[in-house]
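So you can see what is in the structure, the chains are spelled out below.
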Protein chains: 2
Amino acid sequence: MPIDIPEYATPATNRQVLLTTRPDGIPQPEHFTLAEAAVPKPAENQILIRNIYLSVDPAQRGWASAEANYSQPVPLGGPMRALAVGVVIESRADGFRAGDFLYGFFGWQDYAAVGPEAVLHRATENLPLAAFASLAGINGVTAYLALTRLGRPVEGDTLVVSTAAGSVGSFVGQIGKKHGCRTIGITGDDDKVNRCIETFGYDAAINYKSADVAAELDALAPGGVNVYYDNTGGTILDTVLRRMNVGGRIVQCGTASVASWTPPPTGPRNEREIMTRRLVWSGFVIFDHLNIYAEAVGDLARMWAAGDIAYDTDLSSDIAETPGAIAALYAGENRGKKLIFIG
Amino acid sequence: MPIDIPEYATPATNRQVLLTTRPDGIPQPEHFTLAEAAVPKPAENQILIRNIYLSVDPAQRGWASAEANYSQPVPLGGPMRALAVGVVIESRADGFRAGDFLYGFFGWQDYAAVGPEAVLHRATENLPLAAFASLAGINGVTAYLALTRLGRPVEGDTLVVSTAAGSVGSFVGQIGKKHGCRTIGITGDDDKVNRCIETFGYDAAINYKSADVAAELDALAPGGVNVYYDNTGGTILDTVLRRMNVGGRIVQCGTASVASWTPPPTGPRNEREIMTRRLVWSGFVIFDHLNIYAEAVGDLARMWAAGDIAYDTDLSSDIAETPGAIAALYAGENRGKKLIFIG
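All values reported here derive from a predicted model rather than from experimental measurement. Think of each chain on its own: its residues are numbered from 1, step by step along the sequence as written. A letter from A marks each chain and a number from 1 marks each ligand, given out in the order of writing. Given that the model is predicted, a residue must reach a pLDDT of at least 70 before its local features are reported, and side-chain atom pairs must reach 80 or more before they are shown or counted; all residues, however, enter totals for whole chains, interfaces and linings.

(A) Local environment of the overall build of chain A. Strands here mean DSSP runs of E at least two residues long; helices mean DSSP runs of H or I at least four residues long; both are numbered from the N terminus. What chain A contains, in helices and strands, is nine helices and 16 strands. On C-alpha atoms alone, chain A measures out to a radius of gyration of 20 Å, which is about the 20 Å that the 2.2 N^0.38 rule sets for 343 residues. Taken over the C-alpha atoms alone, chain A extends approximately 60 × 45 × 35 Å along its principal axes. Within chain A, the proportion of its 343 residues that are buried is 52%. To get the radius of gyration, use the C-alpha atoms; to get the globule rule, take the number of residues to the power 0.38 and multiply by 2.2 Å. Think of it as a crowd count around each C-beta: if 20 or more other C-beta atoms lie within 10 Å the residue is buried, if 12 or fewer it is exposed, and in between it is partly exposed, with C-beta placed from the backbone throughout.

See below:
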């Protein structure tokens with residue numbers, strides 16, 4: 001039985017943000033088209049979801065790309081693949097009921113009729129609803145699992161994080177601090193430098209656009225870097241990599257600074273650094289770790305309840321902002337996790 | 001009491017191969033000078049060693065370099081840092097006796113007076129003496145530990161090895177085969193291709209100088225590569241890396257194909273590949289693992305006794321070949337582990 005949803009929140013049509021042309025690099029507004037369709041009917045073994053928070057994630061760049069990397073490209077003409085927090089309006093699938101709050105692949109649209117495989121997590125923990133697309137979303141869980149399992153920080157380590165004020169980096173810094181690391185954030189403006197230190201507890205932060213990152217790192221981490229959590233790739237990676245200590249760990253979680261991979265960009269060769277510094281450089285994609293997703297959310301929710309971790313959302317309530325939201329993310333315009341509230 | 005060494009084997013002076021100018025890349029004959037000095041006297045807490053097999057190792061390139069990587073540069077004017085198998089002539093150190101056979105940092109010279117810290121391993125296993133600078137030398141132990149601990153091969157994996165017929169690669173292929181891998185070697189001439197298959201048990205081998213490595217790999221490993229044991233770096237690494245399967249492991253053990261690191265060479269950026277393929281790319285230097293060296297030699301000696309692993313030496317008995325031996329190694333001229341027999 002459908003729950004009682006106020007009239008204003010139940011549009012009679014389904015607004016959708018369609019991917020209509022294939023981006024070469026970062027998706028721009030012109031790659032999308034706003035459209036309206038009929039509200040879908042759930043088929044047998046499907047649920048009908050009313051989206052509340054649409055999520056904007058750096059990973060969407062890869063999903064929209066023609067080249068399959070860890071997922072198949074979003075079909076042209078269909079709604080953009082996106083995570084969202086929504087509520088079940090009608091269930092024709094076992095285990096789901098109207099009124100269940102869910103986080104999953106519900107797309108950039110008002111309504112989604114999906115199978116259970118689209119659901120990433122049930123929003124059952126005692127957290128604000130928006131946190132399920134932030135602290136408990138793929139960005140928070142990525143930060144937690146990639147740092148602890150691949151970065152393996154230990155007390156006294158120096159941890160450097162790129163896109164340090166971002167939706168992943170902001171958690172990496174906080175979790176690293178809890179592990180006894182000295183934390184240094186790299187970010188793109190002075191306001192974010194302040195956010196890193198004031199909001200996310202970094203010991204220090206560098207504005208890479210105005211500072212000499214190499215000189216700043218030499219000054220801030222004279223003993224070298226033990227763990228580098230990289231969300232940017234590019235020249236920042238080149239600079240930090242050459243300051244890693246023997247046995248250091250690099251976690252590759254994103255490549256936000258590299259505008260296009262076609263043609264393949266070049267950089268300094270790293271194999272000798274990897275060998276002589278005995279680095280471990282690992283790639284992380286959250287979708288390999290869905291079997292421990294719920295466990296990680298439980299850990300993060302406990303940290304939040306204990307006041308050990310903060311999250312920040314950058315909210316909009318205009319679906320028309322959505323087509324430009326990925327590009328804005330890569331331009332560093334967001335302050336906190338970018339969500340479009342359409343509930 | 002000194003053991004009885006035949007007269008011919010006990011020169012009255014100490015022939016030494018001195019590093020007299022600093023190489024920029026691969027050490028060439030002109031960087032060395034053959035000289036003679038008095039036979040040293042062991043000081044308190046030292047042992048006097050008569051070298052029998054002088055070892056030629058790719059790592060000597062790094063040791064001779066001005067840039068400290070994992071070791072301090074060899075002092076100019078001193079004997080070239082080198083591993084050797086020798087016999088104790090006189091001991092003034094606890095725990096060593098005349099007649100003990102040892103493997104360690106005894107330098108390119110007839111005699112060495114060294115402290116116990118120069119000794120890597122006591123040649124006690126039931127192996128031919130030359131094997132202590134080969135199968136049980138840093139090359140064999142490196143192959144064994146780096147493959148099993150960083151490469152983590154499992155039954156059914158496709159393992160690719162560069163410098164596959166070399167002093168490390170030849171063991172990697174054999175050990176990988178014992179772990180149930182399909183093994184593909186990359187090497188530099190057709191004779192070595194044959195040695196890979198006939199002597200070292202590779203399932204297939206590629207002559208990178210005459211073949212299209214990318215096309216050959218696509219044909220030989222249509223299902224992708226799980227473990228890449230890299231001794232070369234450079235374009236071979238670029239090619240294999242882009243054929244790694246999700247979750248693949250790259251072991252960086254050498255960079256033989258890169259002639260000079262000054263100025264730093266460039267190549268295609270790899271951070272996106274590392275992330276999307278979720279690779280683990282690790283550097284290995286044997287000197288981090290000396291605490292398990294003896295245990296590894298025990299394992300390798302048992303494999304040899306069981307007929308599960310073969311080793312090959314490329315012997316010379318002319319110390320005058322030594323100054324050119326590192327360059328010859330990088331040129332791929334050796335057939336088996338290069339040793340200079342001066343006993």
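Following the structure, the description resumes.
(B) Inspection of the packing of helix H2 (residues 138–151) of chain A against helix H3 (residues 169–178) of chain A at higher detail. Residues and elements named next belong to chain A. Lines are fitted to the C-alpha atoms to define the axes, a helix being fitted only along its stretch in contact, and any angle between axes, read from their N-to-C directions, falls within 0 to 180 degrees. Contact geometry for H2 and H3: axes closest at 8 Å, N-to-C directions at 40°. The orientation of H2 relative to H3 falls into the category oblique. For the pair H2 and H3, the crossing hand works out as right-handed. Here H2 contributes Gly140, Ala143, Tyr144 and Leu147 to the contact with H3, which in turn contributes Phe171, Val172, Ile175 and Gly176. Taken together, the residues that form the contact of H2 with H3 break down as six nonpolar, two polar and no charged. Angle categories are assigned with fixed cut-offs, so that under 35 degrees is roughly parallel, over 145 is roughly antiparallel, 65 to 115 is roughly perpendicular, and the rest are oblique. We call a crossing left-handed when the near helix sits turned anticlockwise from the far one by less than a right angle, and right-handed when that turn is clockwise. Whether two residues are in contact depends on their C-beta atoms, placed from the backbone: they are in contact if these lie within 7 Å. Residues are grouped as follows: Ala, Val, Leu, Ile, Met, Phe, Trp, Tyr, Cys and Pro are nonpolar; Asp, Glu, Lys and Arg are charged; all remaining types, including Gly, are polar.

(C) The interface of chain B and chain A, seen in detail. The interface of chain B with chain A comprises 31 residues on the first partner and 31 residues on the second. Per-element tally for the side of chain B that touches chain A: the top contributor is helix H7 (residues 271–276) of chain B, with five residues. By residue class, the composition of the side of chain B that touches chain A is 15 nonpolar, 10 polar and six charged. Note that strand S14 (residues 280–283) of chain A and strand S14 (residues 280–283) of chain B share three bridges and pair antiparallel. Paired with Val280 of chain A across the strands is Ser282 of chain B, a residue of S14 of chain B. Any two strands are treated as partners once DSSP identifies two or more bridges connecting them.

(D) Spotlight on the relation of the copies chain B and chain A. The two copies are related by a screw motion: chain B maps onto chain A through a turn of 180° and a shift of 0.0 Å along the axis, at an RMSD of 0.0 Å. Seen this way, the second copy is the image of the first under a two-fold rotation axis. Within chain B, Trp281 of chain B has its C-alpha nearest the rotation axis, a separation of 2.5 Å. Here 100% of the contact residues of chain B are again contact residues in chain A; the copies associate through an equivalent surface. When the copies are superposed, the least-squares fit takes in the C-alpha atoms of residues with a pLDDT of at least 70 in both.

(E) A look at the domain arrangement of chain A. Each domain span listed reflects an automatic or database assignment of domains. Segmenting chain A into domains produces domain 1 (7–134 + 312–341) and domain 2 (138–287). Each residue belonging to the side of domain 1 of chain A that touches domain 2 of chain A can be placed in one class, and the counts come to five nonpolar, three polar and four charged.

(F) Representation of the pairing of strand S10 (residues 204–207) of chain B within the structure. Residues and elements named next belong to chain B. Sheet analysis places strand S9 (residues 182–187) next to S10, joined by four bridges and oriented parallel. The partner of Ile186 across the bridge, within S10, is Ile206. Think of it like this: strands point away, you trace from the first strand over the helix to the second, and a clockwise trace means the crossover is right-handed. Taken together, S9, helix H4 (residues 190–198) and S10 form a β-α-β motif whose crossover is right-handed.

(G) Quick look at H4 of chain B. Residues and elements named next belong to chain B. What H4 keeps buried is the set Lys192, Val193, Arg195 and Cys196. Projected onto a plane normal to the axis of H4, the buried residues spread over an arc of 160° and lie on a single side. Residues of H4 that are exposed and angled more than 90 degrees away from the buried face: Asp191 and Glu198. Where the residues of H4 are buried, they touch helix H3 (169–178), S9 and S10. Read the arc as the range of directions from the helix axis to the C-beta atoms.

(H) Just H3 of chain B, in detail. All names here are of chain B. Counting buried positions over the 10 residues of H3 gives eight, a clear majority of the element. For H3, the set of buried residues is Gly169, Ser170, Phe171, Val172, Gly173, Gln174, Ile175 and Gly176. The elements touched by buried residues of H3 are helix H2 (138–151), strand S8 (158–162), S9, H4 and strand S11 (225–230). A positive backbone phi angle near 85° is found at Gly180, which sits one or two residues after H3.

(I) Quick look at the packing of H2 of chain B against helix H8 (residues 293–305) of chain B. Residue and element names in this part refer to chain B. Direction vectors running N to C along H2 and H8 enclose 90°, while the axes themselves pass 10 Å from each other. As far as their axial angle goes, H8 and H2 are roughly perpendicular. Packed against H2, whose contacting residues are Gly140, Val141, Tyr144 and Leu145, the element H8 presents Tyr293, Ala296, Val297, Asp299 and Leu300 at the interface. Tallied by class, residues from the contact of H2 with H8 come to seven nonpolar, one polar and one charged.

(J) Geometry of the sheet that holds strand S10 (residues 204–207) of chain A. Taken together, 12 strands build an open sheet; the order of strands is S10(A)-S9(A)-S8(A)-S11(A)-S12(A)-S14(A)-S14(B)-S12(B)-S11(B)-S8(B)-S9(B)-S10(B) and the sheet is mixed. Each of the sheet's edge strands pairs with one partner strand only, and the pair in question is S10 of chain A together with S10 of chain B. Within the sheet, the average angular offset between the axes of one strand and its neighbour, ignoring direction, is 15°.

(K) Fine view of the nonpolar core. Only buried Ala, Val, Leu, Ile, Met, Phe, Trp, Tyr and Cys residues enter a nonpolar core, and they are joined through C-beta atoms within 7 Å. Ranked by internal contacts, the top residues of the largest apolar core, which has 196 residues, are Ile49 of chain A together with Ile49 of chain B. Every residue in contact with Ile49 of chain B, bar those within four places of it in the chain, is listed here: Gly86, Val87, Val88, Ile89, Leu102, Phe106, Tyr111, Ala112 and Val114 of chain B.

(L) View of the pairing of strand S12 (residues 244–252) of chain A. Residues and elements named next belong to chain A. Here strand S11 (residues 225–230) pairs with S12 via five bridges, running parallel. Looking at the pairing, Tyr228 lines up with Ile250 of S12. Following the chain from S11 across helix H6 (residues 234–241) to the adjacent parallel S12, one finds a crossover that is right-handed.

(M) Summary view of the environment of Tyr103 of chain A. By the element assignment, Tyr103 of chain A lies in strand S5 (residues 101–105). Those residues in contact with Tyr103 of chain A, other than ones at most four positions away along the chain, are Leu83, Val85, Leu120, His121, Ala123, Phe132, Ala133 and Gly137 of chain A.

(N) View of the environment of Arg278 of chain A. When you line up the elements, Arg278 of chain A lands in the loop between helix H7 (271–276) and S14. On the basis of neighbour counts, which here come to 20 C-beta atoms within 10 Å, the residue Arg278 of chain A falls in the buried class. Here the alpha-carbon distance between Arg278 of chain A and Arg249 of chain A, two residues 29 residues apart in the chain, equals 9.0 Å. In contact with Arg278 of chain A, not counting residues within four places along its chain, are Val246 and Gly247 of chain A together with Gly283, Phe284, Val285 and Asp288 of chain B.

(O) Broad picture of unusual backbone geometry. Following Thr262 of chain A, the chain continues into Pro263 of chain A via a peptide bond in cis, with omega recorded as -5°. Residues other than glycine seldom take positive phi values, yet Arg278 of chain A does so here, at roughly 50°.

(P) Structural context of the environment of Gly234 of chain B. Residues and elements named next belong to chain B. Tracing the backbone shows Gly234 in helix H6 (residues 234–241). Taking C-alpha positions, Gly234 is 34 Å from Val119, a pair spaced 115 residues apart along the chain. Setting aside chain neighbours within four positions, we find Gly234 in contact with Ser257 and Val258.

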